[in-house]
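# Structural characterization, general
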Amino acid sequence: MNMILLFFFLPLISQVRPEPILTVNPKTLSKSGDSVHIQWSGIESPSKLDWLGLYSPPHSPHDNFIGYKFLSSSSSTWESGAGSISLPLTSLRSNYSFRIFRWTESEVNPEIHDQDHNPLPGTKHLLAESETVGFELGRGPEQIHLALTGREREMRVMFVAEDPEERQVRYGEKEGEWEGDVAVARVGRYEREDMCHAPANESVGWRDPGWIFDAVMSGLKGGVKYYYQVGSESKGWSTTRSFVSWDKSSNKTIAFLFGDMGTATPYLTFSRTQDESISTIKWILRDLEALGDKPTFISHIGDISYARGYSWLWDEFFNLIEPVASKVPYHVCIGNHEYDWPSQPWKPDWANSIYGTDGGGECGVPYSLRFNMPGNSSEPTGTRAPATRNLYYSFDMGPVHFVYMSTETNFLPGSSQYDFLKYDLESVDRMKTPFVVVQGHRPMYTTSFESRDAPLREKMLEHLEPLFVKNNVNLALWGHVHRYERFCPLKNFTCGSMGQKGKDWEAFPVHVVIGMAGQDWQPTWEPRPDHPHDPVYPQPKRSLYRTGEFGYTRLIATKEKLTLSFVGNHDGEVHDMVEILASGQVLNGGDDNNGKVGAVHKVDDVTRYSFSHYVWGGSVLVLGGFVGYVLGFVSHARRQIATERGWTSLKTEER
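Criteria and cut-off values
- Residues numbered from 1 in each chain as written.
- Predicted model: local features only at pLDDT ≥ 70, side-chain atom pairs only at ≥ 80, totals over all residues.
- Heavy atoms only, no water.
- Core = buried A, V, L, I, M, F, W, Y, C linked by side-chain atoms within 4.5 Å.
- Buried < 20%, exposed > 50% of the residue type's maximum accessible area, 1.4 Å probe, protein only.
- Helix = DSSP H or I, 4+ residues; strand = E, 2+ residues; numbered from the N terminus.
- Domains from an automatic or database assignment.
- Contact = heavy atoms within 4.5 Å.
- Pairing = 2+ DSSP bridges.
- Axes fitted to C-alpha atoms, helices over the stretch in contact; angles between N-to-C directions.
- Salt bridge = Lys/Arg side-chain N within 4 Å of Asp/Glu carboxyl O.
- Arc of directions from axis to C-beta.
- Phe/Tyr/Trp six-rings, centres within 6.5 Å; stacked < 30°, edge-to-face > 60°.

### Examining the nonpolar core
Phe98, Tyr330 and Leu555 are the most contacted members of the largest nonpolar core, which totals 124 residues. Counting residues per element, this core draws most heavily on helix 4 (residues 312-325), which supplies nine residues. Counting contributing residues, this core receives three or more from each of domain 1 (21-135) and domain 2 (145-167 + 193-225 + 238-588). Beyond its immediate chain neighbours, meaning those up to four positions away, Tyr330 contacts Leu146, Ala147, Phe258, Met261, Ile298, His300, Phe317, Ile321, Val324, Ala325, Phe371 and Met373. Grouped together as the second largest cluster of nonpolar side chains are 32 residues, Leu412, Val436, Val438 and Ala476 included.

This is the structure:
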């Protein structure tokens, strides 16, 4: 009888298949950057199109994922129907969950794609869903970053927490001994309705940004190391951080400057992220470690996070920069990817081709609320959104006067920005600060093939260059073009003689494009006029050094000399350098020595580094490799695995 029953039920038993299982461990993480181990099994007939989605909040609709990973590129055992992956997670003030989907070849819709033109995976067939993963309570605020206020004896600190309950900053000269120095932080936030368009104001892009806190540490002594914590007794304190206070009497200036860095993610998402940002932060951390207790700051001149309406990328960005931004002031100016949208109020006729949809519907709101730069510059938005801030300002740091401007808002004569620039440049005390450095996002000079921006450059050359030349601006730094390019001292496309070999000379600004910190869409150089379609891009005389290598610049100035050095990310070494004397005379490169840089590897003692000094530790989030599509049927839209980096994309529209 038993044999008969077994014979009868055996075909039915053989048809029972195990349900896919998706597990996560641990279920509680202590802080942003900690990793969760994700394991799956029981995937029937595994396919290269099976994918893992990340969701925060956990109840988000299937198509509102934060990011995704293909199982086939995540685990070497995927073909068995089982595998695992570890992913570092950034706290979004909400739990995470994970889901596995089957996506079939017939369901690929090339019309629904990411910013890299790869079809976004479909969510029709859910295979498995995990339990939730969260973060410990009472761990203190995150996304800590410093900024100068423009006033002596002060340092601003900003951070993010999950609720508006009162937070403070406590600080002192001895770690753990706060001596009663406590400042209460003011708190604010922005809402979905403040955004001007999709994806920023739609459920696919919007996530709760948390509560943004802003406190000022005052009564500081110049050039002294201070320790600090942010948080509260009831909600927890951050780990102890430190900084060296602004020393107004210092005769030396040190700064790290770049544009267009963005952030990296351990997953694919709707918008292309920037792996090279990890290297940029890594090398700057090395430099800061070698500097020790010397005041310095960072300057990021536009295209900050490249969130473009996907708000969690701002969280990823601040998580990436926190190791440096919680140690030294982090200063910014606005770029097209923070601000631009057709509904923005400044729309001159000549700019129709320039100010497009690059901001992803954010219209400057996250940029304005997440940073607080010196000065009180702002422009109304014409909507319920708060006025756009942090547009133009200046401050002195040692022997250098730094000026920041906005290329995205009105800079023409008669505008408040033009009036500010004119007054500020004319008021500089050159006995006190012999060097003037101006910074903005879109370049006045570039030899990349940026035809769309030509009308803007013409307006800058017409109205701003005369201000720069008349007021003896020494250095003009620009981003937007994802290259490094240094020019001779320029006036109206003409190189000025630099006074070498006894020649007469006139002080013209040295323009340098420094948008090479992370964004990897590389524009082509300007072609030959008589062969516009041939891939030959002659380097004109005014361009003394240009390269597609990623990196950043170091600025070191004394009362006598300013040195700007380009550090390459592939080796952390100096690859170009220019020296400017207090008189305005330019050394190391130019028309008098055919553009060759003398003693390019010679650096100041304060910047003589060896990698052995750099303690990698836990300073930078160790992110996994980025994968691309491996599917032949979408070969026209393939993304190469970023860790292999065997390519350089050419695209002039993405800036």
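This is not the end of the story, as more comes after the structure.
### Description of the sheet that holds strand 33 (residues 561-568)
Strand order in this open sheet of seven strands is 21-20-19-32-33-34-35, and the pairing throughout is mixed. A single partner strand is all that each edge strand has here, and the edge strands are strand 21 (330-333) and strand 35 (586-587). Of the strands in this sheet, strand 19 (253-258), strand 20 (297-301), strand 32 (551-557) and strand 33 touch helix 3 (residues 276-291), which is tilted by about 25° from strand 32. Where helix 4 meets the sheet, it contacts strand 20 and strand 21, and its direction lies at approximately 130° from that of strand 21.

### Topic: the sheet that holds strand 14 (residues 186-188)
If you trace the four strands from one edge of the open sheet to the other, you get 10-11-15-14, paired in antiparallel fashion. Whereas interior strands pair on both sides, the edge strands pair on one side only; in this sheet they are strand 10 (142-147) and strand 14. The mean inter-strand angle of the sheet, taken between neighbouring strand axes irrespective of direction, is 20°. As defined by bridge partners, strand 11 (residues 155-161) adjoins strand 15 (residues 211-217) across seven bridges and the pair is classed as antiparallel. Residue pairing in the sheet places Ala161 in a bridge with Trp211 of strand 15.

### What to know about the pattern of salt bridges
As enumerated under the stated definition, the model contains 31 salt bridges in all. A salt bridge links Asp163 to Lys235, with the shortest nitrogen-to-oxygen separation between them at 3.1 Å. Separated by 72 residues along the polypeptide, Asp163 in the loop between strand 11 and strand 12 (168-172) and Lys235 in the loop between strand 16 (225-232) and strand 17 (236-237) bring together distant segments of the chain. For Asp163, a relative accessible area of 15% gives the class buried. Here Glu173 ties to Lys221 by a salt bridge, and the two come within 2.9 Å at their closest N and O atoms. A residue pair is termed long-range when its members are at least 10 positions apart, and Glu173 in the loop between strand 12 and strand 13 (182-184) and Lys221 in the loop between strand 15 and strand 16 qualify at 48 residues. Given a relative accessible area of 32%, Glu173 falls into the partly exposed group. Overall, the relative accessible area of 45% leaves Lys221 in the partly exposed class. A network of salt bridges, in which partner residues are shared, links Glu162, Asp163, Arg167 and Lys235.

### Focus: the pairing of strand 5 (residues 67-70)
The alternating pattern of strand 5 places Gly67 and Lys69 and Tyr68 and Phe70 on opposite faces, both of which are buried. Of the pairings in the sheet, the one linking strand 4 (residues 51-55) to strand 5 comprises four bridges and is antiparallel in character. Counted as the bridge partner of Leu54 is Gly67 from strand 5.

### Observations regarding helix 7 (residues 416-426)
Listing the buried residues of helix 7 in full gives Gln417, Tyr418, Leu421, Asp424 and Leu425. Angularly, the buried residues of helix 7 cover 140° about the axis, an arc narrow enough to put them on a single face. Packed against the buried residues of helix 7 are strand 24 (393-397), strand 25 (400-404), strand 26 (435-440), helix 8 (454-463) and helix 9 (465-470).

### What about the packing of aromatic side chains?
Tallied over the entire structure, the rule returns 39 aromatic pairs. Between the aromatic rings of Trp51 and Phe101, the centroid separation amounts to 4.7 Å while the plane-to-plane angle is 20°, which identifies the pairing as stacked. Taken together, the residues span a long stretch of sequence, with Trp51 in strand 4 and Phe101 in strand 7 (residues 97-102) at a distance of 50 residues. Considered together, Trp51 and Phe101 belong to a single accessibility category, that of buried residues. Here the aromatic rings of Phe297 and Phe402 are separated by 5.0 Å at their centres, their planes lie at 85°, and the arrangement is edge-to-face.

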